Structures are given as structure tokens and as C-alpha cells.
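# Commentary on secondary and tertiary structure
Spelled out from the first residue to the last, the chains are:
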Amino acid sequence: LKDVIPDEFVTLLPVKPGYNHKFAEITPENNLQAKCAKALIESIKNKEGLDMMIGSLDPLPDGAMDGRELDPMYPEAKLEVVVQTILRVGCKSISHISVALNRFRDLIMAVMPNQDAKVCCLKITFSFFKTNHQLMCIMIEKYLNFQLIEPSCIVSWIFSPYMLPHFDRLYLWQMLDTTIKFCIKRCDRIKVELEKSKVKLNDKKEQESGAADPDIAEKRKQLVQAAEEEVDHYVKLLEDAERSQKEVFLIVVQRFIMILTDHIVRSEQESRYTQTLWFRCTRDRLRQTLVKYRREVKRYMVTLQTLLFTPEIEPKILECFTQFKGYIA
């Protein structure tokens, strides 16, 4: 395409996919972080332990490099060096990324102790792959599968002010779909395991009731207890997964409402046209999300109607929920 396309259309071609390693070169602006990144790479090459790798970050402050006051438990400067370095080590291929995340999981978690840090990690990752959005979508999946970042953190990042300019891009909604589908598949997978454990428990109970020998009866009783503990384990897992899924859906809808409402209010205050392309695209994404995941959304209808889609919100936004209720009726 690049060889045959006319010169006047060259600007429409996508940027060549790649990555943006912030510390590839030492500059006055990144001097300290770049030196620590180099020390961390040397530590990785020498196969040193976790304490030594973390020790290579000691010169960095427990906060931001620009002097912003942050929670001491939110080491942004160290997090940026670690994430940029690990992505640089693993950016050769998708399999290299998987190996790097698995190998350095403890290191990442050591500098990513809370939700704010996890949102910052996503921002750093997006900056690293700013010209390769396909890999960024894959990174979302990797972070979820390796349990590095929770779905709710990913949703918070997607709807953060930093990402608003990307709302008309397909890759953003692919990342949201990946996050929601992860929650749904996790619940479905645990339900299957729970049913298997219940069947196993029933079989063990039947075997226990047919035992005549006291020793055999005692062993089978222990097997029943183990099976009951397994059932309780999956019940708890399912409760946690369903709670997380509900939280994700409520956050998604809440953030849609917040950003759309903010757009309407700002437009009216500044006497600007409300129904912009950005607004229509974002509102239609809300509609699409409700319809696409209607099976799950139907379970939260009372909560949505009570807490989020109240009569006080903008009619243009409430219309989406009203149409959805008519669709599933």
C-alpha cells in the first residue's frame, strides 16, 4: 500500500508499529531513572535475586520524579523504570512478553502495591506501545491472566481523562471487551468446577453410606470432608468472581454516565454543540455494551435503575437505558 498510495494520502497511513522505550538514552530529564534502568537490566542479566533487583532502584524517590507529593505506598518513579525495563526485555514477541511477566511478576508487584499504581502501570504500558495498539490489547489480556491487574483497575484506566481522546478508536473498546469477557469467562469456569465438585461430593457420600468396615468408613468420611471443603472453596471463589463482575459492570456504566454528563454540562456552559461525533460514538458504545452483555446486565437491573439511571440524569443518557429496557422486555 505504501508503494502505490498517492502522496496526498500518505498521512492517512498508520504509524509503523513499534515501541517507545523511555530510557533507551540518558538525557538530563531522565538521567536518574535511565541509570537505574541500566542497573536493573544488568541485575537481570546476572540473574540476581528479587532483593538485588529492587536494590538497584534505591536511588529513586518513593514518589514521582517531578516532585509531586504522592502516597509513599505509590512509588511512581520506580514503577516506571520496572515496567519500561521489563517490557523492553520482553518486547521481541508475545511469547517473550509472557515469559518476562511470569519471571518478574514479584518484582512488578513489589512496586505496584495499590490500585492507583496499577492504573499508572497501564498508563506506562500504553505509552510504551503507543504505536502498537494491537500489542497493547494483548497486554491487557496478559495482565489479567497473570493476575497482575484487576478488571476494575483496567476499567478505571480506560475511562480516565488520559484516555478520553482515544474514545473514537476501536482498540480502546477491544480492551474493554477483553476485560468484561475475562470476568464472564472466569465466573463460567468456576461454575463448571463447582458443579464437578458437587457431583464428586455426592459420589463420596454414597460410598460412605455403603461402607461396613469401620476403618473404611472412617477413610471415606475423611474423603467426604475433603470434598465438602472443595465445594466450599469453589463457592467462595464464585462469590468473589460474581462480586468482581458486578463491580466491573457498575463501574463501566457509572463512568459512561459521568463522562457523557460532563460533556453535556461543559458544552452548555461554553455554548458549544452537544451532539458531537465524540458524544454520539461514546453514547452508542454505552448502548452497545448494554445490549452485547444483556444476559449479565439483566441481573443488575434493579441496582442500575436505583443508583445510576435515576430520573435526575440527562435525558439523552437516560434514553439509552430506556431503550435497553424495551429491548429486553
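Predicted model only: the values in this text are computed from it and were never measured.

## Comments concerning the packing of helix H7 (residues 133–145) against helix H8 (residues 151–158)
Running from N to C, H7 and H8 point in directions that differ by 150°, and their axes come no closer than 10 Å. Judged by the inter-axis angle, H7 sits roughly antiparallel to H8. When the axes of H7 and H8 are compared, the crossing they make is right-handed. When H7 is examined against H8, the residues Met136, Ile140 and Leu144 are found in contact with a partner set consisting of Pro151, Ile154 and Trp157. Considered class by class, the residues forming the contact of H7 with H8 number 6 nonpolar, no polar and no charged.

## Describing empty space enclosed by the protein
In this structure the tally under the stated criterion is 1 cavity of 30 Å³ or more. Taken as a whole, the largest cavity encloses approximately 60 Å³ of empty space. If you trace the largest cavity, you find it lined by Trp173, Leu176, Asp177, Ile180, Arg285, Gln288, Thr289, Lys292 and Tyr293. Broken down by secondary-structure element, the contributors of at least two residues to the lining of the largest cavity are helix H9 (170–209) and helix H11 (277–292). Each residue belonging to the lining of the largest cavity can be placed in one class, and the counts come to 4 nonpolar, 2 polar and 3 charged.

## Brief notes about the packing of helix H6 (residues 115–128) against H7
Direction vectors running N to C along H6 and H7 enclose 150°, while the axes themselves pass 10 Å from each other. Classed by the angle they form, the pair H6 and H7 counts as roughly antiparallel. The handedness of the crossing between H6 and H7 is right-handed. Two secondary-structure elements touch here, H6 through Cys121, Leu122, Thr125 and Phe126 and H7 through His133, Met136, Met139, Ile140 and Tyr143.

Criteria and thresholds
- Residues numbered from 1 in each chain as written.
- Predicted model: local features only at pLDDT ≥ 70, side-chain atom pairs only at ≥ 80, totals over all residues.
- Heavy atoms only, no water.
- Axes fitted to C-alpha atoms, helices over the stretch in contact; angles between N-to-C directions.
- Helix = DSSP H or I, 4+ residues; strand = E, 2+ residues; numbered from the N terminus.
- Parallel < 35°, antiparallel > 145°, perpendicular 65-115°, else oblique.
- Left-handed = near helix turned anticlockwise from the far one by under 90°.
- Contact = heavy atoms within 4.5 Å.
- Nonpolar A, V, L, I, M, F, W, Y, C, P; charged D, E, K, R; others polar.
- 1 Å grid on protein atoms, 1.4 Å probe; cavity = no way out; pocket = protein on both sides within 12 Å on 5 of 7 lines; lining within 4 Å.
- Points joined across faces, edges and corners; volume = space filled by probe spheres on them.

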